[in-house]
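Next come the chains, spelled out residue by residue.
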Amino acid sequence: MINFKVYNKEGTLQYEVSSKSSYCLEKYHHVAIGQNRKKLAFKYDNTIHNLVQGPTDISNETQLYDYLYSSNEGYGILKNDISLSGTFFSDHKTHNYPTISAEKTLSGNFSIFPNTTAYTSSADKYIFKSYRPLTLQNLTISGFTNPYLNIVDVSSSELTISGCIFSNNDVGVNINVDYSHNTTHIINSTFKSLKANKLIPTPNESSTFKSLKANKLIPVPDESSTFKSLKANKLKANGPRLVQSNKKVKINRRNNGQTNDTTGEEKWSPGSAIRYKGEMLYITDSSFVDNSNSYTGGAIYAETYIKTLTLSGENLFSHNISSLGGAICITDANEIIVNNGMATFNGNISDIGGAILSESPAMSGGGTYIFSDNCANSGGAIFAYDKMTISGGTYTFSDNCANLQDGGAIKATDISITDGSYTFKRNIAKNYGGAINVSNKMTISGGTYTFKGNIAKEEGGGAISTINLITTYGTYTFSDNCANLQDGGAIWTSDISITDGSYTFKGNIANTSGGAIATINLITTGGTYTVSDNCANYGGAINATDISITDGSYTFNSNIAKTFGGAIYAYSMLTIKDGTYTFSDNCANLQDGGVIKATDISITDGSYTFNGNIANTYGGAINTTNLITTGGTYTVSDNCANYGGAINATDISITDGSYTFNSNIAKTFGGAIYSYGTVDISTVKTVRFYGNSSISNSTLGNHIFTKDICYNDSSHVIFNMPDCSGSDGSAVWSRLYGQICPP
């Protein structure tokens, strides 16, 4: 039985604890002393020990230990803030590092370096351990190597690290915070070339750690070296097994992130610079460079209680390496805030989440985020295994890579983006989503978005891949994105709904379908759209099963499909209502529908211009089974195809509206219209045909070639030359009635 008593300065007993365990004694010791700053002595084993006052200036190791330790019991209380100078621990003795159990500030320009013969014991060691608020200022701590050492270990409400340098330490963790209500401030500090290798076994041939040791836990080369080759090779050599793209990644919190590998002892190596189990972590004007960790968070691992990570000023996370979250790994829902400053994540590498891995990150604050040259097997810059939200601020994602799976820049289950300015350039994914891959739903509202030069190498969505995409308002530019082998040069999704906003799709390419967009269901309502120079096998710009377009202003220019639908290919139904539409210089290079190919087309009201479009076979502008138009104004000119220079359809019904077909050319039949069934223009208000021609068969329908035609009021149907006179051939040719010459 151990007796522990605490007295005040008058000698009155304040606390008395009896325990069979020295651990309990240590625990009560710290609690008792920390609760009342007026206590001046404690009693241990019936011996009263005075609390150490110590000098205010310490210049050597002996003075430091005399100050931090009380008698020879191994405990001490800091009663005054002290200033340190000189070099400490360079020739330290075999005793443990000090425990700090009072609120203190350690400051001064001094450095702490290890003795190379230290650490023969496997017991956990610390340089600074505190159960009360602690501030470290202007310290340099460098060169420690021990998997059992935590440089700073805090179990208190507050920790401040200001102006400190932690470098070249290969330890359990440099800063460990384990208190649920803690708030930590990291200010103007540097964390460089740190490693967290606590109890890591030597891997065998079957171990999933093999590639980690070979390719990750090494200093990252400088810019003059071959580091750029990592992007090209994408960690493919001996890469670890990945979680499938449709599954969530979970970190084993109960076992502190340790694996199930039984080749060695228990192992966890979280956050080489910081392991944080508090609520609020603030980082200001600090850098985390060249840090490495075999499992969670190359620089920072925050778990369980974390609510907010706030980055202020200019912070840098560069060339950090870890298996989960190259720079930062956070296990719970949290906020990541950049307060009108800048956070740069550059060249970080991980198996999952090249820069950041988090459960449900909420990024905000109005600051600037830069993610460049980060690489992972999935989620090149960020991996969120639940919902991710982003609001406000300026975000740049460039040259990030998902080597083996999805999301060259971002991989998430759900994502919501509101306002802000976003740029995604030259990101690459092996599978889905060159820039962003979302397993479920992606919602975007407001803001400015630029997606340029992103690539999905083997699957769909050169820029974005998701199951459900909803956009409202905002300004969007998708240019030069590519789905190298599959669908959706810019966007691949099952369902997409677009409301208002300004959209530009230019120069996007898909190997199979949808140079700009590939989807099952597309709905647009309002907005301004410029869609040009996109290319695919099917649907040069858009490929979908069903498309509904309402209102807005649309320009489709110079889009190319190798086979069907130079601009749009709808397998089933295309519905267009209201709005202003211009389709020019689009091409179906080998097959049908220079602008549109669809099974059924319904067009209501609006203003439509089809000019200079080309199809190799049927329908220079439109190829469909059933075409119904009701109202609107249509100008159809200078389109060309083998059959139906402007339109090819089985049945055509034109009701109301004003129509002009001018200078369209068919190589074979139907200079303007070629129909297998019936052309019904009986209720149209005004339709004009002039200058259309059928080159090879000038006597068989220079304007219309059809099986049957219905028109009642010839005064509203105007046919100009060539008409029924002389060698110029017929205006209308019917399979049932032959040449028809309207009066």
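These numbers come from a predicted model, not from an experiment.

Enquirer: Is there a simple way to explain the overall build of the chain in this structure?
Expert: Secondary structure assignment for the chain yields four helices and 75 strands. When each of the 743 residues of the chain is scored for burial, the buried share is 57%. Expressed as a percentage of contacts within the chain between residues at least 6 apart in sequence, the contacts between residues at least 24 apart total 80%. Accessible surface computed for the chain: about 27100 Å², of which carbon and sulfur atoms make up 47%.

Enquirer: In this structure, what is going on with the nonpolar core? I would like to understand it.
Expert: The tendency in soluble globular proteins is for nonpolar side chains to be buried as a group. Residues Val152, Phe166, Ile175, Phe317, Phe345, Phe371 and Phe661 are the most contacted members of the largest nonpolar core, which totals 129 residues. No other element matches strand 28 (residues 328-346), which puts six residues into this core. Counting eight residues, the second largest nonpolar core, distinct from the first, contains Tyr295, Leu324, Ile352 and Tyr385.

Enquirer: What is the right way to look at the pattern of salt bridges in this model?
Expert: Opposite charge on two side chains permits them to pair, given that their charged atoms come into close proximity. Considering all chains together, one arrives at seven salt bridges under this definition. Linking lysine 277 and aspartate 178 is a salt bridge whose minimum nitrogen-to-oxygen distance equals 3.8 Å. Of the two residues, lysine 277 is situated in strand 21 (residues 274-277) and aspartate 178 in strand 17 (residues 170-178); the sequence distance between them amounts to 99 residues. Taking relative accessible area as the criterion, lysine 277 reaches 15% and is therefore assigned buried. As a salt-bridge pair, aspartate 533 and lysine 506 come within 2.8 Å of each other at their nearest N and O atoms. Linking aspartate 533 in the loop between strand 50 (528-532) and strand 51 (535-538) with lysine 506 in strand 46 (residues 502-506), this pair joins segments that are 27 residues apart in sequence. The exposure class assigned to aspartate 533 is partly exposed, which follows from its relative accessible area of 36%.

Enquirer: Help me understand the packing of aromatic side chains in this model?
Expert: Geometrically, a pair of aromatic rings is defined through the distance of the ring centres and the angle of the planes. For the structure on display, the rule yields 39 aromatic pairs. Look at phenylalanine 564 and tyrosine 569: their rings are 5.8 Å apart centre to centre, the planes differ by 45 degrees, and that puts the pair in the tilted class. Residue classification places tyrosine 569 among the buried positions, given a relative accessible area of 12%. Ring geometry for phenylalanine 669 versus tyrosine 674: centroids 6.4 Å apart, planes at 10 degrees, classification stacked. Each member of the pair phenylalanine 669 and tyrosine 674 is classed as buried. Its end group placed over the ring of phenylalanine 564, lysine 597 keeps NZ or CZ at 5.0 Å from the ring centre.

Enquirer: Explanation requested: the pairing of strand 15 (residues 158-162) in the structure shown.
Expert: The two faces of a sheet get side chains in turn, since along a regular strand they alternate between them. With four of five residues buried, strand 15 is to be regarded as a mostly interior element. Bridge analysis of strand 15 against strand 18 (residues 183-187) gives five bridges, and the strand direction is parallel. Directly across from leucine 159, in strand 18, lies its bridge partner threonine 184.

Enquirer: How should I be thinking about the pairing of strand 14 (residues 145-154) in this particular structure?
Expert: Of all the 10 residues making up strand 14, seven are buried; the element is thus mostly covered by neighbouring parts of the structure. With six bridges connecting them, strand 14 and strand 17 associate as parallel partners. For valine 152, the partnering residue across the bridge sits in strand 17 and is isoleucine 175.

Enquirer: Can you help me understand unusual backbone geometry in this one?
Expert: Most of the time, phi is negative for any residue but glycine, and the peptide bond is trans. The backbone of serine 558 sits at a positive phi, close to 60 degrees, despite the residue not being glycine. Serine 558 sits in the partly exposed class, given a relative accessible area of 22%. We note that aspartate 638 has phi near 60 degrees; this positive angle belongs to a residue other than glycine. Mapped onto the fold, aspartate 638 is located in the loop between strand 62 (633-637) and strand 63 (640-643).

Enquirer: Can you help me understand the confidence of the model for the chain in this one?
Expert: Predicted coordinates in regions of low pLDDT should not be interpreted in detail. Per-chain confidence: the chain averages 75 in pLDDT, with 68% of residues scoring 70 or above. Within the model, pLDDT remains below 50 along residues 1-10, and this stretch shows 50 contacts once partners closer than five positions in the same chain are excluded. Ignoring residues within four places in sequence, the model shows residues 197-268, a span with pLDDT below 50, making 132 contacts including any to other chains.

Enquirer: Which parts of the structure should I look at to understand the environment of asparagine 293?
Expert: Tracing the sequence through the fold places asparagine 293 in strand 24 (residues 292-293). Classification of asparagine 293 by relative accessible area gives buried; the value is 1%. Taking C-alpha positions, asparagine 293 is 8.4 Å from leucine 194, a pair spaced 99 residues apart along the chain. In terms of polar contacts, asparagine 293 uses its side chain to reach the backbone carbonyl oxygen of threonine 296, at 3.2 Å. Looking at asparagine 293, its side chain comes within polar contact range of the main-chain oxygen of glycine 297, at 3.3 Å.

Enquirer: What is the right way to look at the environment of serine 180 in this model?
Expert: When you line up the elements, serine 180 lands in the loop between strand 17 and strand 18. For serine 180, a relative accessible area of 22% translates into the label partly exposed. The sequence separation of serine 180 and glutamate 279 amounts to 99 residues, and the corresponding C-alpha distance is 6.1 Å. Every residue in contact with serine 180, bar those within four places of it in the chain, is listed here: Lys277, Gly278, Glu279 and Tyr305.

Enquirer: Please explain the state of the cysteines as it appears in this structure.
Expert: Simply put, disulfide is the name for a covalent bond between the sulfur atoms of two cysteines. Applying the stated rule across the entire model yields zero disulfides. Residue cysteine 375 stays outside any disulfide, its sulfur separated by 4.2 Å from that of cysteine 401, the closest cysteine. Given the relative accessible area of 6%, cysteine 375 is considered buried.

Enquirer: I keep staring at the environment of asparagine 662 and nothing clicks. Help me out?
Expert: Within the element layout of this structure, asparagine 662 appears in strand 65 (residues 658-662). For the pair asparagine 662 and arginine 688, spaced 26 residues apart in the sequence, the C-alpha separation amounts to 8.0 Å. The residues touching asparagine 662, leaving out its near neighbours within four places in the chain, are Val636, Ser637, Asp638, Tyr690 and Asn692.

Reading guide: rules and limits
Residues numbered from 1 in each chain as written. Predicted model: local features only at pLDDT ≥ 70, side-chain atom pairs only at ≥ 80, totals over all residues. Heavy atoms only, no water. Helix = DSSP H or I, 4+ residues; strand = E, 2+ residues; numbered from the N terminus. Buried < 20%, exposed > 50% of the residue type's maximum accessible area, 1.4 Å probe, protein only. Contact = heavy atoms within 4.5 Å. Areas by Shrake-Rupley, 256 points an atom, 1.4 Å probe, with all protein chains shown as cover. Core = buried A, V, L, I, M, F, W, Y, C linked by side-chain atoms within 4.5 Å. Salt bridge = Lys/Arg side-chain N within 4 Å of Asp/Glu carboxyl O. Phe/Tyr/Trp six-rings, centres within 6.5 Å; stacked < 30°, edge-to-face > 60°. Lys NZ or Arg CZ within 6 Å of the ring centre and 35° of its normal. Pairing = 2+ DSSP bridges. pLDDT = per-residue confidence, 0-100. Polar contact = N/O pair within 3.5 Å; in protein donor to acceptor, adjacent residues only side chain to side chain. Disulfide = S-S within 2.5 Å.

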